[in-house]
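Examination of the molecular architecture
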Amino acid sequence: MSDGHERVTYSDVHKLIGKAAERIIQSNFKPDLIIAIGGGGFFPARVMRTFLKDPSTKRNIPILAIGLSLYESLPGTTEEQLGKAVVRTQWLGPSKELLGRKALIIDEVDDSRTTLEYAVKELQKDMELELAKLDENEREGQRTKFGVFVVHNKRKPKAGTLPPDIPYFAGAEVDDVWLDYPWEMKDIDEHDRLAALAKEAPPIPQ
Ligand code: 5GP
């Protein structure tokens, strides 16, 4: 019997990222910086770096981390903010690091899109502030090109929006179900066992 949770294994995540990386490499958008949205984006970001590594230069793409929280109750979060407002738990150091980069923003799942909208807007704001510090003749080519990668995109009406010119990649498009990720589990063997069982189960007749 399904309990309404879809269990995703480390191996599932790894393979989805590998396939998406091929699409990213073939696109015109070749990231030279990764911005991981924590906590869920950390593991995917590290795996993506493995797949995006250029075999000719062998150079690792740097990963910067930001922490955003939507569902967690943090000290000072009001009842109304829960689930709607995005709270920063960690942010970039000097945003000068963004300039001239192709930055791939990574999270594990795009649900309501609220978090991604916030991340893109705020990073763009930071970039604009840094650009404004430069002389006009120094700004050429310094505008950061942002892209987004999520392991799963839920097919559902989104509360948040992303600028249309931003490349968007998803490992998989999924129904609006609750996904259980392996890094959230204490008993990984039980998680993997239930994930394997679900894969064996015949599809539920519609
Ligand atoms: P959004 O802002 O797109 O609604 O949600 C972003 C965050 O909500 C994700 O980074 C994740 O932490 C959490 N979230 C949304 N849907 C799921 C889900 O199906 N499974 C898990 N584990 N977290 C989710």
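Just above sits the structure.
Note that the structure is predicted; figures quoted are calculated from it, not measured.

Procedures and definitions
Residues numbered from 1 in each chain as written. Predicted model: local features only at pLDDT ≥ 70, side-chain atom pairs only at ≥ 80, totals over all residues. Heavy atoms only, no water. Helix = DSSP H or I, 4+ residues; strand = E, 2+ residues; numbered from the N terminus. Contact = heavy atoms within 4.5 Å. Phe/Tyr/Trp six-rings, centres within 6.5 Å; stacked < 30°, edge-to-face > 60°. Buried < 20%, exposed > 50% of the residue type's maximum accessible area, 1.4 Å probe, protein only. Lys NZ or Arg CZ within 6 Å of the ring centre and 35° of its normal. Pairing = 2+ DSSP bridges. Axes fitted to C-alpha atoms, helices over the stretch in contact; angles between N-to-C directions. Near = heavy atom within 4 Å. Polar contact = N/O pair within 3.5 Å; in protein donor to acceptor, adjacent residues only side chain to side chain. Nonpolar A, V, L, I, M, F, W, Y, C, P; charged D, E, K, R; others polar.

Right, let's get into the environment of F169. The topology assignment puts F169 in strand β7 (residues 168–174). For F169 and R23, which are 146 residues apart along the polypeptide, the C-alpha to C-alpha distance reads 8.1 Å. Filtering out sequence-adjacent residues up to four positions away, F169 remains in contact with R23, I24, S27, F29, V148, F149 and V150.

Attention now moves to the packing of aromatic side chains. Aromatic rings in a pair are described by how distant their centres are and how their planes are angled relative to each other. Scanning the entire structure with this criterion turns up five aromatic pairs. Relative to W183, the ring of Y10 lies with its centre 6.2 Å away and its plane at 50°, an arrangement referred to as tilted. Taken together, the residues span a long stretch of sequence, with Y10 in helix α1 (residues 10–26) and W183 in the loop between β8 (178–180) and α4 (188–200) at a distance of 173 residues. Classification of W183 as partly exposed rests on a relative accessible area of 24%. Three or more aromatic residues joined by ring pairs form one cluster here, namely Y10, F43, Y181 and W183. Stacked on the ring of W91, the Lys or Arg R88 has its end atom at 3.9 Å from the ring centre.

Next up on the list: the sheet that holds strand β4 (residues 87–90). Taken together, the six strands give an open sheet; going across it, the order is β4-β3-β2-β5-β6-β7, and neighbouring strands pair in mixed fashion. One side of each edge strand has no neighbouring strand; the edge strands of this open sheet are β4 and β7. Strand-to-strand twist in this sheet, taken as the mean axis angle between neighbours without regard to direction, amounts to 25°. Relative to strand β6 (residues 145–154), strand β5 (residues 102–110) is paired through eight bridges, and the arrangement is parallel. What sits directly across from K102, in β6, is K145. This element, helix α2 (residues 42–52), spans β2 (33–38), β3 (63–69), β5 and β6 of the sheet and lies at about 160° to β2.

Further remarks concern the site of the ligand. Residues in close proximity to the ligand total 17 residues, the closest being S112, T115, K154, L179 and E184. A distance of 3.1 Å separates an oxygen atom of the ligand from a polar side-chain atom of D107. E108 places a polar side-chain atom, nitrogen or oxygen, 2.9 Å from an oxygen atom of the ligand. Only β5, α3 (114–133) and β8 provide two or more residues apiece to the shell around the ligand. Top contributing element to the shell around the ligand by residue count: β5, with four residues. Taken together, the residues that form the shell around the ligand break down as seven nonpolar, three polar and seven charged.

The subject of this paragraph is the environment of R139. Position of R139 among the secondary structure elements: in the loop between α3 and β6. Since its relative accessible area comes to 31%, R139 is described here as partly exposed. Along the backbone, R139 and L99 are 40 residues apart, and their C-alpha atoms lie at a distance of 9.1 Å. Those residues in contact with R139 that sit more than four places away from it in its chain are L131, A132 and L134.

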